[in-house]
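A look at the structure
Now for the letters of each chain:
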Amino acid sequence: QVQLVESGGGSVQPGGSLRLSCATSGSIFSINAMGWYRQAPGKPQRELVAVISGGRTNYADSVKGRFTATRDYAKNLVYLQMNSLKPEDTAVYFCYALIATNPGRSSARYWGQGTQVTVSS
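Now for a look at the structure at hand. (Residues numbered from 1 in each chain as written. Predicted model: local features only at pLDDT ≥ 70, side-chain atom pairs only at ≥ 80, totals over all residues. Heavy atoms only, no water.)

Considering the overall build of the chain
The line we're drawing: The helix and strand labels rest on DSSP assignments: H or I over at least four residues marks a helix, E over at least two residues marks a strand, and numbering proceeds from the N terminus. It is over C-alpha atoms that the radius of gyration is taken, and the globule rule equals 2.2 Å times the number of residues to the power 0.38. The buried label applies to any residue whose accessible area, calculated with a 1.4 Å probe on protein chains only, is under 20% of its type's maximum; exposed applies above 50%, and partly exposed to all values in between. The contact rule is simple, with two residues in contact once any of their heavy atoms fall within 4.5 Å. Only the protein chains shown count as cover for residues, and all accessible areas are computed by the Shrake-Rupley method using a 1.4 Å probe. When charges are tallied, Lys and Arg are placed among the positive residues and Asp and Glu among the negative ones, while His and the ends of the chain are skipped. Throughout, a charge is located at the NZ atom of Lys, the CZ atom of Arg, the CG atom of Asp or the CD atom of Glu.
Scanning the chain from N- to C-terminus turns up zero helices and 11 strands. Element order for the chain, N to C, with α for helix and β for strand: β-β-β-β-β-β-β-β-β-β-β. Here the C-alpha atoms of the chain give a radius of gyration of 14 Å, agreeing with the 14 Å that 2.2 N^0.38 yields for 121 residues. Relative to its 121 residues, the chain shows a buried fraction of 40%. Counting contacts in the chain only where the partners sit at least 6 residues apart, residues at least 24 apart contribute 55% of the total. About 6500 Å² of surface is accessible on the chain, with carbon and sulfur atoms providing 45% of the total. Positive and negative side-chain charges in the chain, numbering 12 and 6 respectively, have mean positions lying 6 Å apart.

Written out as structure tokens, the structure reads:
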């Protein structure tokens, strides 16, 4: 069974930085995309933050220039470096991956349990 586990969340003042990490485990044949979504307080849906797919990274407009997503292909890890954090970045951040568990199966979406990021003075 595939699992994604995030770490690195916490509380920080505006203008500060945090780095999130996501590790994978389980039976993985290939990972076609990895990245991050977030769900802000009171909002019903998760929004894309940054997703790496096909060697390219797609960022939400609200985080461009401040956040950087990177992936360790050898270890199946993904990171999110968050700089110049703002109160509106406060949310639960979820690791996301599009994973095929064997050559004969199509990819499926997997999610981590989420890690809280709070930006407040």
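Quick word on the nonpolar core
Defined as follows: Here, nonpolar core means buried Ala, Val, Leu, Ile, Met, Phe, Trp, Tyr and Cys residues that are tied together by side-chain atoms lying within 4.5 Å of each other.
Grouped together as the largest cluster of nonpolar side chains are 27 residues, with contacts concentrated most on Trp 36, Val 49, Phe 67, Leu 80, Met 82 and Tyr 93. The set of elements that each furnish at least two residues to this core consists of strand E3 (18-25), strand E4 (30-39), strand E5 (47-53), strand E7 (67-72), strand E8 (77-82), strand E9 (91-100) and strand E11 (115-119). Sort the elements by how many residues they give to this core and E9 lands first, with five residues. Look past the residues within four positions of Leu 80 in its chain and what remains in contact with it is Leu 18, Arg 19, Leu 20, Trp 36, Val 49, Ala 50, Phe 67, Thr 68, Ala 69 and Tyr 93.

Side note on the pairing of E8
Rules: Each pair of strands is called paired provided DSSP finds at least two bridges between the two strands.
Burial analysis of E8 places five of its six residues in the buried class, the great majority of the element. Sheet analysis places E3 next to E8, joined by six bridges and oriented antiparallel. Bridge pairing in E8 places Leu 20 opposite Leu 80. Relative to E8, E7 runs antiparallel, the two being bridged by six bridges.

So, the side chain of Asp 89
Our working definition: Polar contact criterion, stated in full: a pair of N or O atoms within 3.5 Å, where within protein one must be able to donate a hydrogen and the other to accept it, and residues adjacent in sequence count only if both atoms are side-chain atoms.
With respect to the helices and strands, Asp 89 occurs in the loop between E8 and E9. Owing to a relative accessible area of 1%, Asp 89 belongs among the buried residues under this scheme. At 2.7 Å, the side chain of Asp 89 forms a polar contact with the side chain of Arg 66. Once you skip the residues sitting within four places of it in the chain, Asp 89 turns out to touch Arg 38, Arg 66, Phe 67, Ser 84, Val 117 and Val 119.

Description of the sheet that holds E7
The condition is simple: Helix axes are fitted only over the stretch in contact, all axes being lines through C-alpha atoms; the angle between N-to-C directions runs from 0 to 180 degrees.
Spatially, four strands are ordered E1-E3-E8-E7 in an open sheet, and the strand pairing comes out antiparallel. Edge positions in the open sheet fall to strand E1 (3-7) and E7, since each of these has one partner strand only. Each strand of the sheet is rotated relative to its neighbour by a mean of 15 degrees, with strand direction disregarded.

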